[in-house]
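Each chain, written out:
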Amino acid sequence: MRSTISEMGPLLLSRVFGLNDTQEGVLQLVFKIADDQGLLLLDLKDLRSMLEWVGEHAKELKGEYGNLSTQSVATIQRQLLVLGEAGGEEFFAEPALSLENLLQKDFSGNGVISVLDVTQLMSDSRLYVSFMLWLLSELFEQLPEVGDLDRPKLVFFFDEAHLLFKEAPKALLEKIEQVVRLIRSKGVGVYFVTQNPLDIPESVLGQLGNRVQHGLRAFTPLDQKAVKVAAQTFRPNPELDTERVITELGVGEALVSLLDLEGRPTPVERVKIAPPESRIGPLTETERAERISRSPLLGRYEQKLDRESAYELLKQRKESAQSASSSAPERTSPRSGGRQSLGEAFIKSAARSVGSSLGRQIMRGVLGSIFGGGRRGGLGGIF
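Rules used throughout
- Residues numbered from 1 in each chain as written.
- Predicted model: local features only at pLDDT ≥ 70, side-chain atom pairs only at ≥ 80, totals over all residues.
- Heavy atoms only, no water.
- Helix = DSSP H or I, 4+ residues; strand = E, 2+ residues; numbered from the N terminus.
- Expected span 1.5 Å × (residues − 1).
- Bend = angle between axes of the 7 residues up to and from the residue.
- Buried < 20%, exposed > 50% of the residue type's maximum accessible area, 1.4 Å probe, protein only.
- Contact = heavy atoms within 4.5 Å.
- Pairing = 2+ DSSP bridges.
- Axes fitted to C-alpha atoms, helices over the stretch in contact; angles between N-to-C directions.
- pLDDT = per-residue confidence, 0-100.
- Phe/Tyr/Trp six-rings, centres within 6.5 Å; stacked < 30°, edge-to-face > 60°.
- Lys NZ or Arg CZ within 6 Å of the ring centre and 35° of its normal.

J.: Can you tell me about helix 5 (residues 70-91), naming the residues and giving the values?
T.: Taking 1.5 Å per residue as the helical rise, helix 5 with its 22 residues ought to reach 32 Å, whereas the 27 Å between its terminal C-alpha atoms falls clearly short. Most pronounced at Glu85, the bend in helix 5 amounts to some 80 degrees. Every buried residue of helix 5 is accounted for by Ser72, Val73, Thr75, Ile76, Leu80, Leu83, Gly84, Ala86, Gly88 and Phe91. Those residues of helix 5 hidden inside the fold are in contact with helix 1 (5-17), helix 2 (21-36), helix 3 (44-56) and helix 6 (125-142).

In structure tokens:
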């Protein structure tokens, strides 16, 4: 499972990094400069190289792009280092899984269940929540408006949901609430699976219409608070003491409230839950390998690709500039020489990248319609 720096975009990355307005503006300019010069930002080393280059040429770029604070560049570089150590080196890469693969059907026309192992991704909550936001927002932009369907086109179950919200910045929580609310109209359902309703912020919890609550035990004051909160999230049933029943639920029982035909929560009911018609527990390595071997997507995403992008092109620029400098018979003044070097480097880079980027804008800000920016065409969906 991979995404790219370009697809994640400067707005979402700024929230992941916890940047202030000035630093966010600098990051957006870095992406803008990369677009203008035909430099693809695919992985972390691409963004590192771009930040380094912008920092070195900040004075030369100021006339066209405004002030590029070197302090802000340094701050972004430090945050990038932290993200890389948290698993970003593997997450930001190609090839990417097209979102269309999540909507595939079998030969009988039935939907297909996709199981995503996010064991490594969950080690850093910022990366996990960013992935979730990107995924839902990408679907929001790609899928047509369908209103209230009898059944959704696609349903997501995010297990261990408390990890999504653990230490997540306020800005990210606000966007989760917004995306969860908007994605319904695209025929996408979202379920957060967690043991305690306190694990989910109230602003997000209020957007969830269907509730299934298993038994809770109140041994501590915090447990008692959790029981009370869980009871209050249901539409009351005059014939049921919700707060008391939650502590009495046994194995195979739950309190359930769903949306009626008018989209209103139904009164909470105590129900029996049908047991799973499958084995509970993880697959063995042998079983996992066997299922992967039968996947129609086998061979498409296993090998990570590293095509020519910003890192390689900027490295070539630097080597070309050093070679030209060492072979030049005489030097111009530092001021004019600096401008000439920058211009020559841009022309060489543009010539190299014209075959792959002519007539195409690098896609930026997949959350454009949600975060307030515009969307551009380009790279496909990534999962």
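Here the narrative resumes, following the displayed structure.
J.: Give me the environment of Val146: which residues, what numbers.
T.: Along the chain, the position of Val146 falls in the loop between helix 6 and strand 1 (154-158). Spatially, the C-alpha atoms of Val146 and Val188 are 9.8 Å apart, while their sequence positions differ by 42 residues. Excluding its chain neighbours within four sequence positions, the residues that come into contact with Val146 are Lys153, Ser185, Lys186 and Gly187.

J.: Describe the sheet that holds strand 4 (residues 253-257), with residues and values.
T.: Read across the open sheet, the three strands follow the order 3-4-5; overall the sheet is antiparallel. With partners counted over all chains shown, the strands left at the sheet margins are strand 3 (211-213) and strand 5 (269-272), one partner each. Strand-to-strand twist of the sheet, defined as the mean angle between neighbouring strand axes without regard to direction, takes the value 35 degrees. Taken together, the four bridges between strand 4 and strand 5 define a ladder with antiparallel strand orientation. Residue pairing for strand 5: Ala254 is matched across the bridge by Val271.

J.: Would you mind going over the confidence of the model for the chain in detail, with residue names and values included?
T.: Predicted confidence across the chain gives a mean pLDDT of 80, with 83% of residues reaching 70 or more. Confidence over residues 332-371 falls short of pLDDT 50; this stretch has 82 contacts with residues more than four positions distant or in other chains. Per-residue pLDDT stays below 50 along residues 373-383; that stretch engages in 52 contacts with residues further than four places along the chain or on separate chains.

J.: Explain the pairing of strand 1 residue by residue, including any values.
T.: Because side chains alternate across strand 1, one face comprises the buried residues Leu154, Phe156 and Phe158, and the other comprises Val155 and Phe157, none of which is buried. Bridging between strand 1 and strand 2 (residues 188-192) involves five bridges; their strand directions are parallel. By the bridge assignment, Phe156 is partnered in strand 2 with Val190.

J.: Break down unusual backbone geometry for me, with residues and values.
T.: Note the cis peptide between Glu94 and Pro95, where omega equals 0 degrees. Note that Pro95 resides in the loop between helix 5 and helix 6. Of note, the phi angle at Glu160 is positive, near 50 degrees, even though the residue is not glycine. In this fold, Glu160 is placed in the loop between strand 1 and helix 7 (162-165). For Glu160, a relative accessible area of 37% corresponds to the partly exposed category.

J.: Mind laying out the packing of aromatic side chains, listing which residues take part and the relevant values?
T.: One pass over the full model with this rule turns up four aromatic pairs. Relative to Phe158, the ring of Phe156 lies with its centre 5.8 Å away and its plane at 15 degrees, an arrangement referred to as stacked. Judged on exposure class, the residue Phe156 and its partner Phe158 are both buried. Between Phe158 and Phe192, the aromatic rings sit 6.0 Å apart at their centres with planes inclined by 25 degrees, giving stacked as the arrangement. Highlighted residues: Phe158 in strand 1 and Phe192 in strand 2, separated in sequence by 34 residues. Assigned by exposure class, Phe158 and Phe192 land together as buried. The rings of Phe156, Phe158 and Phe192 are connected pair by pair, giving a single aromatic cluster. The lysine or arginine in question, Arg317, covers the ring of Trp53, its NZ or CZ lying 5.1 Å from the ring centre.

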